[in-house]
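# Fold and contact review
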Amino acid sequence: MLFKSHFKGLVHFAQKYVKDFDTAKEIVQDSFISLWEKKDTIDLSKSVKSYLTTIIYNKSLNYLRDNKKFNKEILSFEGIYPGYNQNPSDKLVASEIEHKIKRSINELPEKCREIFVLSRYHDLKYQQIADKLQISVKTVEAQMSKALQHMREQLAEYTTLLIIGIMAGIHVINKLF
Amino acid sequence: MNQQSTYYNELIVTYFAGEASEEEIAVLANWIKASNENLRIFEEYKQIWDTVEIDKINSNVNVDEEWNKISSKLVDTDNTTIIKNNNISSKSTPIYHLPIFSKMLRIAAVFMILAVSAGAIYYFLKQQQPENQHVVAQNTSIENQLPDGSMVTLNTGASIDYPEKFKKNKRLVKLQGEAYFNVTHDQSKPFVVTADDIQIEVLGTSFYINTQAANDKVEVVLTTGKIAIYRKDKPQEKMILESGEKAEFSKLEQKITKIENNNENYMAFKTKKMVFTDTPLSEIVYNLNKIYSTNILIKDKSIADCKITVTFNNQSLDAVLNVLKATVDLNILKSGKSIELSGNGCK
């Protein structure tokens, strides 16, 4: 079914823009609803997926604008503006790097790991984590940065190879436009 | 780590966590812009963050649950009840209330895309066509030097395309057939081989590719270093290969898989070094035909399955045949372009 096969990939696509898991899910759900509402007026022989992707892209940028977080420069550094690669994969494939990341999460000092997991896997905001653990938001920020710093060191050899590809891509695009 | 880089490392993480303010995002954007090194650091964080998000979505999203949440709304609309969407969608819906405008936009978008792709095609044609090199190994395997000093050994029948001068940011070549690459190291200029529907990206290393392996496959074997393999249409899904590892791409399934390399002789066409352990004569002959570009035929079925253990090290074809002759008791008859082997069973 369309919804079930595309949902995860589209959430990931939206998440890249809005950087908030619940918002990403909401946007994807709303997009399916508006697809449903328009089902009589749109040409379903054309790719439904690209229709959905376009709606999600627009909604995500609107969300960023409404929340004053829209910055096209940084989105272009991320390679997602103006949305040139609008083809989210249906299945989010577990890559080799994923195992390494899991391992490096486990290696984190206990408090650091707790904060990281609350933020990334339980989707708590920094303020919520601070309240829950009775610490300051500054501490949460510092611990999150420490966690990522550790993962970056552990994964240095993997990321460089992947990034060469991305940078080359950005370079080509800059040259083209 | 100095104080300043601590600040920016924190800022990057804060940004990806969706906690950065408008001003902070602008500060970060300026910092990224300031140097390639900064962009690289940002990319590294993004890569890790992205992978964590994929892992999270995979383990936390229950698609059935999500479906239940919205399926009731879908039924409602079908009964033409107007549902109030939450603020996010209602903010963006106005666009869709203006069908004519949206249609014009769509037409405009199509023209935009056409114009851009025409530009892109022109750009690529202009960049590549006039100075393209095409090298074919017609009757024998050949060694060929590429503009950056890298060496490629093409087996008989293989061909390679590359520009007279590589571009500034990438070394692009296109291979058909069987070849062995020895790529000179250049950190700033990845070496990318297009082989059928996949691409192999390296900085500097040596590896083997065969775009016409058995069962409609592309084979890649890495001798030293590290390479990334991906489908041309999915460059973000990279498979990393390390020294001694082998991957194959099935053209039918469009899938890349890592497999064990149990063919020691994969680069024999280059080195003429071959190791056979209890190998049937028929298989040895098959390999010799490939490596020496010959047409050796086995006349007597009784000798085809004779098992032979032998090592050849860059020997001439005659020397190789003499060794085989002594091992299995063969008669060798050269007639025109082919060589016929006959005998009476195994020794």
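Just so it is clear, the structure is predicted and the values come from calculations on it, not from any experiment. (Residues numbered from 1 in each chain as written. Chains lettered and ligands numbered in written order. Predicted model: local features only at pLDDT ≥ 70, side-chain atom pairs only at ≥ 80, totals over all residues. Heavy atoms only, no water.)

## Some words on the overall build of chain B
Which entries qualify depends on this criterion: Under the DSSP-based scheme used, a helix requires at least four consecutive residues in state H or I and a strand at least two consecutive residues in state E, with every element numbered from the N terminus. The contact definition used throughout considers only heavy atoms, calling two residues in contact when any of these lie within 4.5 Å. Working definition of accessibility: Shrake-Rupley area with a 1.4 Å probe, residue cover restricted to the visible protein chains.
The secondary structure content of chain B amounts to 10 helices and 19 strands. Relative to all contacts within chain B whose residues are 6 or more apart in sequence, the contacts with residues 24 or more apart total 44%. Summing over all exposed atoms, chain B offers an accessible surface of approximately 18300 Å²; the carbon and sulfur share of this is 51%.

## Let's talk about a nonpolar patch on the surface
Convention followed: What makes a patch is a set of residues exposed beyond 30% relative accessible area and free of salt bridges, joined within 9 Å when like-charged and within 5 Å when nonpolar (Val, Leu, Ile, Met, Phe, Trp, Tyr). Think of a salt bridge as a Lys or Arg side-chain nitrogen and an Asp or Glu carboxyl oxygen that are within 4 Å of each other.
Together, Ile107, Val110, Phe111 and Leu114 of chain B make up an exposed nonpolar region whose accessible area comes to about 400 Å². By the element assignment, leucine 114 of chain B lies in helix α6 (residues 99-128).

## Remarks on the sheet that holds strand β19 (residues 338-342) of chain B
Residue and element names in this part refer to chain B. Quick note on the threshold: A pair of strands is treated as paired once DSSP finds two or more bridges between them. Fitted lines through C-alpha atoms give the axes, limited to the stretch in contact for helices. The angle between two N-to-C directions lies from 0 to 180 degrees.
Pairing is mixed in the open sheet, where three strands are placed in the order β16-β19-β18. With one partner strand each, in any of the chains shown, β16 (295-298) and β18 (331-335) form the two edges of the open sheet. Geometrically, the sheet is characterised by an average inter-axis angle of 25 degrees between neighbouring strands, direction not taken into account. Two strands pair when backbone bridges link them, and β18 and β19 are joined in this way by five bridges, in the antiparallel orientation. From the neighbouring strand, lysine 334 faces β19, where its bridge partner is isoleucine 339.

## Regarding the nonpolar core
Rule in force here: The term nonpolar core refers to a set of buried residues drawn from Ala, Val, Leu, Ile, Met, Phe, Trp, Tyr and Cys, joined through side-chain atoms within 4.5 Å. Exposed residues in this analysis have more than 50% of their type's maximum accessible area, buried residues have under 20%, and partly exposed residues fall in between, with area computed by a 1.4 Å probe over protein chains only.
Of all hydrophobic cores here, the largest spans 78 residues; its most connected members are Tyr17 and Phe116 of chain A together with Tyr15, Leu28 and Phe42 of chain B. If we ignore the near neighbours within four places in the chain, the residues touching leucine 28 of chain B are Ile74 of chain A together with Leu11, Ile12, Tyr15 and Phe42 of chain B. Core analysis: the second largest hydrophobic core is formed by 32 residues, Ala158, Phe166, Ile209 and Ala247 of chain B among them.

## Description of the sheet that holds strand β1 (residues 132-136) of chain B
Residues and elements named next belong to chain B. Strand order in the open sheet made by the seven strands is β1-β4-β5-β7-β8-β11-β12, with mixed pairing throughout. Looking at the sheet topology across the chains shown, the edges are occupied by β1 and β12 (234-242). Neighbour-to-neighbour, the strand axes of the sheet open up by a mean angle of 25 degrees, direction not taken into account. Direction of pairing for strand β5 (residues 171-176) relative to strand β7 (residues 191-195): parallel, over a ladder of five bridges. Residue leucine 175 lies in a different strand from β7, and its bridge partner there is alanine 195.

## Side note on the confidence of the model for chain B
Residue and element names in this part refer to chain B. Short version of the rule: Confidence of the predictor in every single residue is expressed as pLDDT, which spans 0 to 100.
In this model, chain B carries a mean pLDDT of 82, and residues with pLDDT of at least 70 account for 88%. No element of chain B has a lower mean pLDDT than helix α5 (residues 87-92), at 37, and none a higher one than β7, at 93. Low confidence marks residues 77-98, where pLDDT is under 50. Its contacts with residues over four positions away, or in another chain, come to 27 contacts. Prediction confidence for the complex, expressed as pTM and ipTM, is 0.46 and 0.84 respectively.

## Thoughts on the packing of helix α5 (residues 96-106) of chain A against helix α3 (residues 36-60) of chain B
Quick note on the threshold: Here the angle decides the label: under 35 degrees means roughly parallel, over 145 means roughly antiparallel, 65 to 115 means roughly perpendicular, and every other value means oblique. The classification used treats Ala, Val, Leu, Ile, Met, Phe, Trp, Tyr, Cys and Pro as nonpolar, Asp, Glu, Lys and Arg as charged, and all other residues, Gly among them, as polar.
As a packed pair, α5 of chain A and α3 of chain B sit with axes 10 Å apart at the nearest point and diverge in direction by 90 degrees. Taken as axis vectors, α5 of chain A and α3 of chain B run roughly perpendicular relative to one another. Counting all contacts with α5 of chain A, which are made through Ile97, Glu98, Ile101 and Lys102 of chain A, the residues of α3 of chain B involved are Ile48, Thr51, Val52, Ile54, Asp55 and Asn58 of chain B. When its residues are assigned to classes, the contact of α5 of chain A with α3 of chain B shows five nonpolar, two polar and three charged.

## Here we look at the state of the cysteines
All names here are of chain B. Our working definition: Throughout, a disulfide means two cysteine sulfur atoms within 2.5 Å of one another.
With the rule as written, the count across this model stands at one disulfide over all chains. Between cysteine 306 and cysteine 346 runs a disulfide, and the two sulfur atoms are separated by 2.0 Å. One disulfide, between cysteine 306 and cysteine 346, carries an S-S torsion of -100 degrees and so falls in the left-handed class. Of the two residues, cysteine 306 is situated in the loop between α9 (301-304) and β17 (307-313) and cysteine 346 in the segment after β19; the sequence distance between them amounts to 40 residues. The class of cysteine 346 is partly exposed, set by a relative accessible area of 46%.

## Re the interface of chain B and chain A
Put simply, the test is: Note on definitions: buried area is the accessible-area loss of two parts on being combined, 1.4 Å probe, summed for both. Counting of polar contacts relies on pairs of N or O atoms within 3.5 Å, with two restrictions inside protein: one atom must be capable of donating a hydrogen and the other of accepting it, and residues adjacent in sequence are counted only when both atoms are side-chain atoms.
With 78 residues of chain B in contact, the opposing surface of chain A contributes 79 residues. Between chain B and chain A, a total of about 8100 Å² is buried, with carbon and sulfur atoms accounting for 63% of that surface. Joining chain B to chain A, the criterion identifies seven salt bridges. Residue lysine 25 of chain A is joined to glutamate 66 of chain B by a salt bridge in which the shortest nitrogen-to-oxygen separation is 3.2 Å. Counting every contact that joins chain B to chain A gives 20 residue pairs in polar contact (both at pLDDT 80 or more). Residue assignment for the side of chain B that touches chain A shows that the elements contributing at least two residues are α1 (3-16), α2 (22-34), α3, α4 (63-78), α5, α6, β11 (226-231) and β12 of chain B. For the side of chain B that touches chain A, the leading source of residues is α3 of chain B, giving 23 residues. Taken together, the residues of the side of chain B that touches chain A sort by class into 37 nonpolar, 16 polar and 25 charged.

## So, the pattern of salt bridges
Residue and element names in this part refer to chain B. Tallied over the entire structure, the rule returns 25 salt bridges over all chains. For glutamate 253, the salt bridge goes to lysine 255, with nearest N and O atoms at 4.0 Å. Looking at glutamate 253, the relative accessible area reads 54%, which means it is exposed. Of the charged contacts in the structure, one is a salt bridge between aspartate 318 and lysine 334, with a shortest N-O distance of 2.8 Å. Of the two residues, aspartate 318 is situated in helix α10 (residues 317-328) and lysine 334 in strand β18; the sequence distance between them amounts to 16 residues.

## A closer look at helix α8 (residues 281-292) of chain B
How we decide: Take the number of residues in a helix, subtract one, and multiply by 1.5 Å to get its expected span.
In this model α8 of chain B runs 16 Å from its N-terminal to its C-terminal C-alpha over 12 residues, within 8% of the 16 Å that 1.5 Å per residue would give. Of the residues trailing α8 of chain B, serine 293 of chain B is marked for its positive phi of about 50 degrees.

## Notes on α1 of chain B
Over its 14 residues, α1 of chain B runs 20 Å from end to end, which matches the ideal 20 Å to within 8%, given 1.5 Å per residue. Looking at α1 of chain B, one finds that the buried residues are Tyr8, Asn9, Glu10, Leu11, Ile12, Val13, Thr14, Tyr15 and Phe16 of chain B. Elements that come into contact with the buried residues of α1 of chain B comprise α4 (72-77), α7 (126-133) and α8 (137-154) of chain A together with α2 and α3 of chain B. Downstream of α1 of chain B by one or two residues, glycine 18 of chain B has phi in the positive range, about 75 degrees.

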